Amino acid sequence: TAALLAGVTSAYGRIWWRRRTGQRASAVLLMGALTLTARTIVTLATGSTLVYFLQPSVGSVLTGSAFGVSVGLGRPLAARLTSDLLPLPQGLVGRAPVHRFFSHVSILWGVVQLMHGALNLWLLTAHSTGTYLLLRTGASWTLTLGALAVSIAWFHRSMARCGLRVVRATFGACRDSTAASPPPS
């Protein structure tokens, strides 16, 4: 019980500290705190191991749904998460092809999260706890890394189609391909 409460307190402490120091709380931090809060409440209320392990499946379904809803609202969650992890120039993010990319990749990640939820639920109900933990870890990494690779390749391809190129030498920097580039050193 103390460990669960310490985890929730730590998450909200980070949010408070970021706001107190004038920094924006990242979407990842906010989503993590909300998910951790829900897991803690349900675990404390039930005391059930099954319910504890079921919660990541529910969290994945809710996260997948959030990605889908964000597209419907015209504010793709993938754009917010990307800007939290990899700052992109505002002029770039506002372009229609870039917004379209983030909408499409939000749908991809929504589907991935729904698949995570379904897979976890199946593994949890079809296998012992030990087998579940082992298979879930491998399956989760495989699905996530596969989606990440697709997202990165899709980003490069989408940007190239709209006349932009991603410059790898300066991590995360994007420039117009029509803009004058400094000579290589």
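Residues numbered from 1 in each chain as written. Predicted model: local features only at pLDDT ≥ 70, side-chain atom pairs only at ≥ 80, totals over all residues. Heavy atoms only, no water.

K.L.:
Help me understand helix α7 (residues 129–161), please; the structure alone is not making it clear to me.
P.N.:
Every α-helix winds through 3.6 residues per turn, so residues three or four apart in the chain are directed the same way. In this model, α7 (33 residues) spans 47 Å end to end at C-alpha, consistent with the 48 Å of a helix rising 1.5 Å per residue. Listed in full, the buried residues belonging to α7 are Y132, L143, A147, S151, F155, S158 and M159. Two residues or fewer past α7, G163 is found with a positive phi of approximately 80°. (Helix = DSSP H or I, 4+ residues; strand = E, 2+ residues; numbered from the N terminus. Expected span 1.5 Å × (residues − 1). Buried < 20%, exposed > 50% of the residue type's maximum accessible area, 1.4 Å probe, protein only.)

K.L.:
Just to check I follow, could you spell out the packing of helix α4 (residues 77–85) against helix α6 (residues 96–126) for this structure?
P.N.:
Taken N-terminus to C-terminus, the directions of α4 and α6 make an angle of 100°; their axes are 7 Å apart at the nearest point. Considering the angle they form, α4 stands roughly perpendicular to α6. Listed contacts from α6 to L77, A78, A79 and T82 of α4 are F102, V105 and S106. Its residues assigned to classes, the contact of α4 with α6 shows five nonpolar, two polar and no charged. (Axes fitted to C-alpha atoms, helices over the stretch in contact; angles between N-to-C directions. Parallel < 35°, antiparallel > 145°, perpendicular 65-115°, else oblique. Contact = heavy atoms within 4.5 Å. Nonpolar A, V, L, I, M, F, W, Y, C, P; charged D, E, K, R; others polar.)

K.L.:
Is there a simple way to explain helix α1 (residues 2–20) in this structure?
P.N.:
The terminal C-alpha atoms of α1, which comprises 19 residues, lie 26 Å apart, in line with the 27 Å expected from a rise of 1.5 Å per residue. Among all positions in α1, only V8, A11 and I15 are buried. For α1, the buried positions fall inside an angular range of 60° around the axis, keeping them on one side. Of the exposed residues in α1, those oriented more than 90 degrees away from the buried face are A2, A3, T9, W16 and R20. For α1, the secondary structure elements touched by its buried residues are α2 (27–46). Among the residues trailing α1, G22 stands out with phi positive, at a value near 80°. (Arc of directions from axis to C-beta.)

All we've got here are geometric facts, nothing functional implied.
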